[in-house]
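# A look at the structure
Given next are the chains, with one letter for each unit.
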Amino acid sequence: MTVLEIEEDRSARFEALYGAHRPSIAAYVRRRVIEHDVEDVIAQVFLIAWRRFAAIPSPPEDRLWLFGVARRMVADHRRSTVRRRRLSQRLAEEARGPVWPQVGSVGPVGFETMQWRVDRAMQALRPGEREVLRLVLWDGASHAEAAALFGCTANAAELRYRRARNRFREAFLAGAPAGRARLQEFSSSLAPRVSGGAQPRGGVMPRALITGITGQDGRYLAELLIGKGYQVHGMIRGQNNPKGRIVQDEVPEIELINGDLTDLSSLIAAVEQVQPDEVYNLGAISFVKLSFSQPELTADVSGTGVLRLLEAIRIVGGTNNRIRFYQAATSEMFGKVREIPQSETTPFHPRSPYGTAKVFGYYTTLNYRESYGIHASNGILFNHTSPRRGLEFVERKITNAVARISLGLQDTVALGNLDTSRDFGYAGDYVEAMWRMLQQDDPSDFVVATGTRWSIRQVLDLAFQAIGIEDWSPYVVIDDRFLRPAEVDELVGDASRAREVLGWEPKVTFPEILKEMVRNDIELEQAKAGGRE
Ligand code: G4F
């Protein structure tokens, strides 16, 4: 074989590897990495693979090895806050000219502003442009390496990189504050929201303790706080809890600690050990239907559990208690609604053991605030979802069924009441509201919602439309087993107060997130069906 033939052979084999395994690597990465970094991590995996092909005369096309690299890259991504910041700085420098001052002179808020601009500008680019920028600028790939990955000449890759860089520069500068003065103005507009919250204490980063760390919200919140430089401790129940391993695999920075909301002494020990600045109580039996068959357990975990955790905070925090507390309250407390939309002043009328337990938790939080001066806030969150949502909840049950139907793995989906409606938002947006509540000088209670309402029939419309089906009636059967003894007919929230006081806005709409969930479920089911995971 000539050198050229060897090179061609390597390229062909690399292409085959790329073609065969990209979908399953992408599915693997997508489940573990925040959305706008997914392509970045996938690109890194294949860049490493390509380098291996270039370095070893006959590299094995080894799927397991590729997954090993993906696992390393995902873990690396999780640990890479500092690196991300440095790289963002580099990108900003590429684009800014004299606009941005040095990181050190701006401090964390100014830096956040810059990072936010970089992220926004990156999002304005096409996926291919993002990929080439990340490869060349962030990962240090040469133009020849980028060319090999894109299947073009080195000159073409360089041209592609230059165009992407110019487009990034335009996007970056388009909405940028004009100069240092505007930057400072913008930074100080953020400052009130940041001041009074958990700040580095004498160089020590703030510490958060999260109950319910293995749930959808716990995982999003942990990622958010880690990104903000917190040390995050997640409380889990029982020895060798397999969910704990999954969470740590996903977010290695989380430190797990044992504790149980039904056991006061374990909570005191956990709070004592972590010495948190902020405690987020997301732990609960959160499936409303289940609460009807396990009412006592629900009351114990989701109701009395709040009291126990607040007691632990009161006991450990002492007289000048600096621990801030967030309680995951819920729109289920409005139950048989007295007005539409529901706000912080709407009276409660819960319709399930879950709802009554949460009302107890709500008032207990209020009581500890008023009696002991603890900074304790209730977030009255309306339904919120994501690809991480549990399969028992209706919208995820539907997206998963739609995915399976589209792949021929299932014929129909059995549901209960299709006439109820909910205000659905994106979980990633909602955890931001939780954090903002604890950064306020004064504790308070906030409704967090989008103000839009979707019936279960409309959820079916949207999900089936995502796979090109307009009439879903042949695929849906009604099954009485999914009906509830008492129903909450319609929920829609008025989050004006959160908008005004917290400066919080939902960023992702329900149709957008639902479409993403269908796509994600299709990949998951494909991977499962192919036995590739
Ligand atoms: O998805 P769901 O079970 O959520 P639900 O009851 O609204 O509770 C969720 O949101 C609350 C916030 O408002 C949280 F506090 C709570 O922890 C949880 O996250 O049911 C939504 C609606 C209900 O009206 C239900 O009857 O969908 C209806 N539905 C119809 N068929 C179904 C089904 N729900 C489920 N889970 N499964 C069905 O087959």
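Spatially, the seven strands line up as an open sheet ordered β3-β2-β1-β4-β5-β6-β11, and their pairing is parallel. In this open sheet, the two strands that pair with only one neighbour each are β3 (255-258) and β11 (445-448). The average angle at which neighbouring strand axes cross in this sheet is 20°, direction not considered. Relative to β11, strand β6 (residues 375-381) runs parallel, the two being bridged by four bridges. Bridging across to β11, L381 finds its partner in V448. Of the strands in this sheet, β1 (207-211), β2 (231-236) and β4 (278-281) touch helix α10 (residues 216-227), which is tilted by about 175° from β1.

Moving on to the packing of helix α16 (residues 394-406) against helix α20 (residues 510-529). Closest axis-to-axis distance for the α16/α20 pair is 8 Å, and the angle between their directions is 50°. As judged from the angle between their axes, α16 and α20 are oblique. At the point where α16 passes α20, the crossing takes the right-handed sense. Between α16 and α20, the contacting residues are E395, R396, T399, N400, V402, A403, R404 and S406 on the first element and F510, L514, M517, V518, D521, I522, L524 and E525 on the second. Grouping the constituent residues of the contact of α16 with α20 by class yields eight nonpolar, three polar and five charged.

Using the criterion set out here, one finds 15 aromatic pairs in the structure. Their ring planes at 45° and their centres at 5.5 Å tell us that F334 and F348 sit as a pair that is tilted. In this pair, F334 sits in the loop between β5 (324-330) and α15 (353-372) while F348 sits in the loop between β5 and α15, placing the two residues 14 residues apart along the sequence. We classify F334 as buried; its relative accessible area is 0%.

Before going further, it helps to examine the nonpolar core. Ranked by size, the top nonpolar core spans 70 residues in total, and within it I210, L221, L225, Y280 and Y326 carry the most contacts. Element by element, the count of residues in this core is highest for helix α17 (residues 427-438), at eight residues. If sequence neighbours within four positions are ignored, L225 has contacts with A208, I210, Y230, V232, Y280 and W435. Counting 42 residues, the second largest nonpolar core, distinct from the first, contains I25, V41, M73 and V136.

In this section: the site of the ligand. Neighbouring the ligand are 26 residues, the closest being S286, T330, S331, Y354 and E487. S286 is positioned such that a nitrogen or oxygen atom in its backbone is 2.6 Å from an oxygen atom of the ligand. In the model, an oxygen atom of the ligand is placed 2.6 Å from a nitrogen or oxygen of the E487 side chain. Coverage of the ligand by the protein amounts to 96% of the 720 Å² it exposes when considered alone. Those elements giving two or more residues to the shell around the ligand turn out to be α16 and β8 (413-415). Sort the elements by how many residues they give to the shell around the ligand and α16 lands first, with three residues. Residues that form the shell around the ligand fall into these classes: 11 nonpolar, seven polar and eight charged.

Along its 20 residues, α15 runs 28 Å from first to last C-alpha, staying within 8% of the 28 Å computed at 1.5 Å per residue. One or two positions beyond α15, positive phi appears at G373, with a value near 70°.

At the junction of I340 and P341, the peptide bond is cis and its omega measures out at -5° in the coordinates. Assignment of secondary structure puts P341 in the loop between β5 and α15. For Q275, which is not a glycine, the phi torsion comes out positive at approximately 50°.

Reading guide: rules and limits
Throughout, a residue's number is its position along its own chain's written sequence, starting from 1. Only residues with pLDDT of 70 or above have their local features reported here, since the model is predicted, and side-chain atom pairs are shown and tallied only from 80 upward, although totals for entire chains, interfaces and linings are computed over all residues. As a convention, hydrogens and water are excluded, and side-chain values are obtained from all of the structure's heavy atoms. At least two bridges found by DSSP between two strands are what make those strands a pair. Helix numbering and strand numbering both begin at the N terminus, where a helix is a DSSP run of H or I of at least 4 residues and a strand a DSSP run of E of at least 2. Axis definition: a line fitted to C-alpha atoms, over the contacting stretch in the case of helices. Angles run 0 to 180 degrees between N-to-C directions. We call two residues in contact whenever any of their non-hydrogen atoms come within 4.5 Å of each other. Roughly parallel means an angle under 35 degrees; roughly antiparallel, over 145; roughly perpendicular, 65 to 115; everything else is oblique. If you view the pair so one helix is near and one far, a crossing is left-handed when the near helix is turned anticlockwise from the far one by less than a right angle, and right-handed when it is turned clockwise. Note that Gly is not counted as nonpolar here; it falls among the polar residues with everything else outside the nonpolar set of Ala, Val, Leu, Ile, Met, Phe, Trp, Tyr, Cys and Pro and the charged set of Asp, Glu, Lys and Arg. A pair of Phe, Tyr and Trp rings is counted when the ring centres sit within 6.5 Å of each other, with Trp represented by its six-membered ring. The angle between the planes then sorts it: under 30 degrees is stacked, over 60 is edge-to-face, the rest tilted. Burial classification: accessible surface area is computed with a 1.4 Å probe over protein chains only, and a residue below 20% of its type maximum counts as buried, one above 50% as exposed, and the rest as partly exposed. Nonpolar cores were defined as sets of buried Ala, Val, Leu, Ile, Met, Phe, Trp, Tyr and Cys residues, with membership established by side-chain atoms within 4.5 Å. Here, proximity means that at least one heavy atom of the residue falls within 4 Å of the molecule or strand. We call two N or O atoms a polar contact when they sit within 3.5 Å, provided that within protein one can donate a hydrogen and the other can accept it, with sequence-adjacent residues counted only if both atoms are side-chain atoms. The accessible surface values rely on the Shrake-Rupley method and a 1.4 Å probe; as for residues, cover is taken only from the protein chains in view. Any helix carries an expected span of 1.5 Å times its number of residues minus one.

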